Amino acid sequence: MEFIIIILTLIFLLVLIKTIYKININEIKQIGNNNKELDEIVKKYPTNIEICKSILKKLNNEKVNIQEDKEANNCLYIAVSDKIIIANMRDSFTRIQTIAHECLHSVQDRRILLFNFIYSSIYLTVFYIIVVLAVFKILPYKIVFITIYLILSFIYYFVRSYLEDDAMIKARFFAKEYMEEVKISDEEEIDKIVKEYDKLNSIGIKTVNYKLFSTAIIRIIILALIFYLRWGDMIIYPDVYLSNVKDITIQFLMENKLKALILDVDNTLIDYYKNLSEDIVNWANELQGQGIKLYILSNTNKKEKVEKVANKLEIPYKLFAKKPSKKGFKQIQKELKIESSSIGVVGDQIFTDVIGGNRSKMFTILVDPVTKKDYFYTAWKRPLENIIKRKLKKGE
Ligand SMILES: [Mg+2]
Ligand SMILES: [Zn+2]
C-alpha cells in the first residue's frame, strides 16, 4: 500500500511541475528548426571544429581534444578524457551556441566534473543492484532503500543541473562575443541570432532541468513499482478466501498448521442486525473441543454487543482494536503464547482484518460478509474489495 502512495505522489509531483513551468518539449524543436534566414547567415561561419577552437582559445583552454562524430546526435564533453565530441548538427543557426556550451563544460571545476562522472555511474549501478535484489526478493527494509535512492537522486539532480545551467547560461554570451570578434555578420544579424538564442534558452533551460529531475523521479517510481509487484500484494491479499467461517474446518486448520483463530465480529460472526446463528455457535464449540484457541478482536467500541457474542461462544475478546494496527494482534499472540504463523485471522474486510493480519505475519482468511448490508463506514470499501476478490477467484 505504501508503494502505491509513493508512486501516486511522485507522478503528481511530475505533472504539477510540468504544469507550473509549462514544459513543452515540442516548442523547443520548433524554434531550433524553423529559421531558414538565420541558418543562411550562420552557414557563412567556419566549420564546427574551427569555431570550437576559437572559443576554446577565448577560454584559455586549448588542450582539449576535439572530435567530430557524424553518427552522434548530441554534442558532448567527456571530462575523463578531456574531449569534446561534435555531433552532426546539420546547418542549424544554433550550432555556435551549442559548441560554446560544450567548450564551457571543459573549463568547469574539474573536481565537480569528475565527481559528476563517477557519481552518475554509481547512481546507475545502485539502481540496477536494487532492481535485481528486488526481483529476487532479497531486499530488506524496502522503504529505507527507497529513501536512500531518493537522496542519491537529489544529489544527482543538483550536481547535473548545476553543471548544465552554468554552461547553458554562459553559452549565449560566448557565442555573441565570438560572432562579434570574427566579424562575419553585421551587428543587426548578430542581434537577431542572439535574440533567437535567448528565446531558445528561456524554454531550453527549464526543459533540461525538468528532464534531469524527471529522470531521477522516474527511477524511484520504477523501484516503488517493482517493490509493489514483489511485496505489495502480500499486504492486501489474504492467504485464503472462503465464503463463510463455517468453511474453516478442523481439517483445514491442521493442513495449514493453525492452532488459534482471531475472529472479527461484525459481518463475520454476526449480521447487521446483531444475530448470531446457531450454526456459528456449533462451529465454535466444535473447534474449541478439538483444542483450537479462539479469540475475538473487533474495531467496535460497543462492549455490550461483543460481550454477548463472546459469552455465548465462551471465548475472550478485545475491543477497539484499530485494525489494521498490529497492536491488538500482537497482544493476543502474547496471551496465547503461539507463534504468529500458527494463528489464523478471520474477517470480512481486507482493509482492516486482512491487512492487519498480514502485517502481524499471521495466516489471513477472508470471508464473505454475513449480510450484504453494511455500516456506512464499511460500505465505501466494498467495491475495492470486490475487485480483489474477483482476482482471487480467478487465481484458483
Ligand atoms: Mg467486519
Ligand atoms: Zn551540457
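Residues numbered from 1 in each chain as written. Chains lettered and ligands numbered in written order. Predicted model: local features only at pLDDT ≥ 70, side-chain atom pairs only at ≥ 80, totals over all residues.

1. Observations regarding the domain arrangement of the protein chain
We note that the domain assignment places domain 1 (2–231) and domain 2 (240–394) within the protein chain. Placing a centre on the C-alpha atoms of domain 1 and another on those of domain 2 gives a separation of 57 Å. (Domains from an automatic or database assignment.)

2. Observations regarding the sheet that holds strand β1 (residues 65–69)
Sheet strands pair via backbone hydrogen bonds, and the direction of the pair is either parallel or antiparallel. Within the open sheet, the three strands sit side by side as β1-β3-β2. Their pairing is mixed. This sheet does not close on itself; its edge strands, each paired only once, are β1 and β2 (76–78). Going across the sheet, the axis of each strand differs from the next one's by a mean of 20°, ignoring polarity. Across three bridges, β2 lies against strand β3 (residues 83–87) in antiparallel orientation. The residue of β3 that forms the bridge with tyrosine 77 is isoleucine 84. On top of the sheet, helix α4 (residues 48–58) reaches β1 and β3; it is set at about 155° to β1, its chief contact. (Pairing = 2+ DSSP bridges. Helix = DSSP H or I, 4+ residues; strand = E, 2+ residues; numbered from the N terminus. Axes fitted to C-alpha atoms, helices over the stretch in contact; angles between N-to-C directions. Contact = placed C-beta atoms within 7 Å.)

3. Focus on the packing of α4 against helix α7 (residues 142–182)
Close contact between α4 and α7 brings their axes to 11 Å; oriented N to C, the two are set at 105°. The angle between α4 and α7 falls in the class roughly perpendicular. When α4 is examined against α7, the residues Ser54, Ile55 and Lys58 are found in contact with a partner set consisting of Phe174, Glu177 and Tyr178. Here the residues of the contact of α4 with α7 sort into three nonpolar, one polar and two charged. (Parallel < 35°, antiparallel > 145°, perpendicular 65-115°, else oblique. Nonpolar A, V, L, I, M, F, W, Y, C, P; charged D, E, K, R; others polar.)

4. A short note on the pairing of strand β8 (residues 343–347)
Of all five residues in β8, five are buried; the element is thus mostly enclosed. Both β8 and strand β9 (residues 363–367) contribute to a ladder of four bridges, which runs parallel. Within the sheet, the bridge partner assigned to valine 345 lies in β9 and is threonine 364. With respect to chirality, the unit in which β8 leads through helix α13 (residues 350–359) into the neighbouring parallel β9 is right-handed. (Buried ≥ 20, exposed ≤ 12 C-beta atoms within 10 Å, placed from the backbone. Right-handed = clockwise from strand over helix to strand, strands pointing away.)

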